[in-house]
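Structural characterization, general
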Amino acid sequence: MGNEPLKNAYNAEIMIIDDTTENLTLLHEIFKSEGYLVRSSNSGELALLSIEKKLPDIILLDIKMPNLDGFEVCKRLKAEQKTMNIPIIFITAIGETQDKIEAFTLGATDFITKPFDRQEVIARVRAHINFRIQQLLLAESEERFRTAQEMSPDGFTILRPVRNEIGETIDFIWVYEN
């Protein structure tokens, strides 16, 4: 059976931002081979323009880049309602404690130091994407619950779990009774 079908079950899209072509190419190849949709940018400015047009599911971001560094890119993304909840993983050669603290203070989800282990990066990205998907599903479910309450103020609602093939709860169905 293996992990093949679960590699990128939600067609998640990764945005890689790094000014070094070799790093962009390596990360692009790693995640493309895992079935992810991958976009890349070699500058913070171009990345922000691309993200504004189409939101990725997760961002891998270098710190040291000319003009607009990774910290500033992160700060701008976290300041906007539209992009504030996109997970950002810093992936950089800088491993000083103060840089890590700044990254997390700005809202980074994770911090990976280069050189990195391929399997670790894949595992971390997959974990953060899965967490983000669960957040989105929960928000959608909460919205459906609010709608159900508005539609049936005198009735009641029953919450039933929807389970995947292996029995994990992946969603809920609201049943309305009057």
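Calculation notes
Residues numbered from 1 in each chain as written. Predicted model: local features only at pLDDT ≥ 70, side-chain atom pairs only at ≥ 80, totals over all residues. Heavy atoms only, no water. Buried < 20%, exposed > 50% of the residue type's maximum accessible area, 1.4 Å probe, protein only. Helix = DSSP H or I, 4+ residues; strand = E, 2+ residues; numbered from the N terminus. Arc of directions from axis to C-beta. Contact = heavy atoms within 4.5 Å. Salt bridge = Lys/Arg side-chain N within 4 Å of Asp/Glu carboxyl O.

Quick notes on helix α2 (residues 44-53)
Among all positions in α2, only Gly44, Ala47, Leu48 and Ile51 are buried. Looking down the long axis of α2, one finds its buried residues gathered within 100° of arc, a one-sided arrangement. Contact partners of the buried residues in α2: β1 (13-17), β2 (37-41), β3 (58-61) and α3 (70-79).

A short note on α3
When we look at burial in α3, the residues that qualify are Gly70, Phe71, Val73, Cys74, Leu77 and Lys78. Seen along its axis, α3 keeps its buried residues to an arc of 160°; they face one direction.

Points about the pattern of salt bridges
In this structure the tally under the stated criterion is nine salt bridges. When the shortest N-O distance is used, the salt bridge between lysine 54 and glutamate 13 registers 2.5 Å. On the criterion of sequence distance, the pair formed by lysine 54 in the loop between α2 and β3 and glutamate 13 in strand β1 is long-range, its members being 41 residues apart. Here lysine 54 falls in the partly exposed class, since its relative accessible area comes to 46%.

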